[in-house]
Amino acid sequence: MDCSVTPLRHGGLSLVQTTDFFYPLVDDPYIMGKIACANVLSDLYALGVTECDNMLMILAISQKMSEKERDTVVPLLMRGFKDCAYDAGTQITGGQSVVNPWLTIGGVATSVCQPNEFIVPDNAVVGDVLVLTKPLGTQVAVNAYQWLDQPERWNRIKLVVGEDDVRKAYHRAMDSMARLNRTAARLMHKYNAHGATDVTGFGLLGHAQNLARVQKNEVSFVIHNLPIIAKMAAVAKACGNMFQLLQGHSPETSGGLLICLPREQAAAYCKDIEKQENYQAWIIGIVEKGNRTARIIDKPRVIEVPSKDKDGELW
């Protein structure tokens, strides 16, 4: 599961807890703080837990930074993390910071829950559909942006994408990664979700396989559609096997929730999320009878997100 769930001594309550930390992947420290916090909270949201009671922050400051770099970057990282926690209706009450060779940021999220507040992710049934609440391609977008300054890398992809497209994809990725999955988690209860996971470091297929493996029923997941940040599928293809985006192996950071929903509820779930958040969610696959595996079909349909550019707007 995405969190540890521990029954407490006090009747009927469980401690739901998760920890996560990682290295910076964008060049804006404030946004990086928000992404780190959203990433920690995603594991709670994957269990349908919408209320986080407490957060701790984990921060490792690089000794390779100059004093000026440290005094500029670290407060921005911390403020981004704190602001995102505030948006989630929780607060940071402690944590730990150390100095070491690498800059890392993350934390611990804790919630004390009654049984009806979390959804154990093992109840998928044949006929369910799979819904994804954020587009894929964050890793590709971040890398392509870094390659703008690396001519030998840029030469590999400039035939399929322009500089403006890369910058836009990068900002779309940052916006997506910093966004909380809280509304997605709340709606899991309303639309009777049978289980979920968040899509992060193992890529879409890796997380789908993990979710399939724990199901009580003999089911398998089949993915037909891949919603991908606009132009990033073409960039991934131009790089050969490097990202494996269309194969479902490209890591995502602070990605969406992958949710098993009853077929008759899924479209309404997607519509509700769009109404509340102004962001899309997609039906990407089905649950069929099988042996607890997951796969992507040979030629999945790539959905460009957004489907068309609007001047001056990200999505």
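Bear in mind the structure is a predicted one, so any value in this text is a computation, not a measurement. (Residues numbered from 1 in each chain as written. Predicted model: local features only at pLDDT ≥ 70, side-chain atom pairs only at ≥ 80, totals over all residues. Heavy atoms only, no water.)

**Brief notes about the sheet that holds strand β4 (residues 92–100)**
Part 1 of the reasoning: The 5 strands are arranged β1-β2-β5-β3-β4 in an open sheet whose pairing can be described as mixed. Bordering the open sheet on either side are β1 (4–7) and β4, each of which pairs with just one other strand. With direction set aside, neighbouring strand axes in the sheet form an average angle of 15°.
Part 2 of the reasoning: Bridge count for β1 against strand β2 (residues 14–22) is 4 bridges, and the pairing is antiparallel. By the bridge assignment, V5 is partnered in β2 with V16.
Part 3 of the reasoning: Seen against the sheet, helix α1 (residues 29–46) touches β2, β3 (54–62) and β5 (104–113) and runs at an angle of roughly 145° to β2.
Part 4 of the reasoning: Against the sheet, helix α2 (residues 67–87) touches β3, β4 and β5, its axis set at about 160° to β3. (Pairing = 2+ DSSP bridges. Helix = DSSP H or I, 4+ residues; strand = E, 2+ residues; numbered from the N terminus. Axes fitted to C-alpha atoms, helices over the stretch in contact; angles between N-to-C directions. Contact = heavy atoms within 4.5 Å.)

**Concerning the packing of aromatic side chains**
Part 1 of the reasoning: If you walk through the whole model with that rule in mind, you get 4 aromatic pairs.
Part 2 of the reasoning: Ring geometry for Y145 versus Y170: centroids 3.6 Å apart, planes at 0°, classification stacked. Here Y145 is found in helix α3 (residues 138–147), whereas its partner Y170 is found in helix α5 (residues 163–177), with 25 residues between them in sequence.
Part 3 of the reasoning: Here W147 and F243 contribute two aromatic rings whose centre-to-centre distance is 5.9 Å and whose plane-to-plane angle is 40°, an arrangement assigned as tilted. Of this pair, W147 sits in helix α3 while F243 sits in the loop between α8 (232–238) and β9 (257–261), and the two are 96 residues apart along the sequence. Like W147, the residue F243 is buried in the burial classification.
Part 4 of the reasoning: Seen from the ring of W315, R172 lies directly overhead, with NZ or CZ sitting 6.0 Å from the centre.
Part 5 of the reasoning: A cation over a ring is seen here: R179 above Y279, with NZ or CZ 3.8 Å from the ring centre. (Phe/Tyr/Trp six-rings, centres within 6.5 Å; stacked < 30°, edge-to-face > 60°. Buried < 20%, exposed > 50% of the residue type's maximum accessible area, 1.4 Å probe, protein only. Lys NZ or Arg CZ within 6 Å of the ring centre and 35° of its normal.)

Keep in mind that these numbers describe shape and distance, not what the molecule does.
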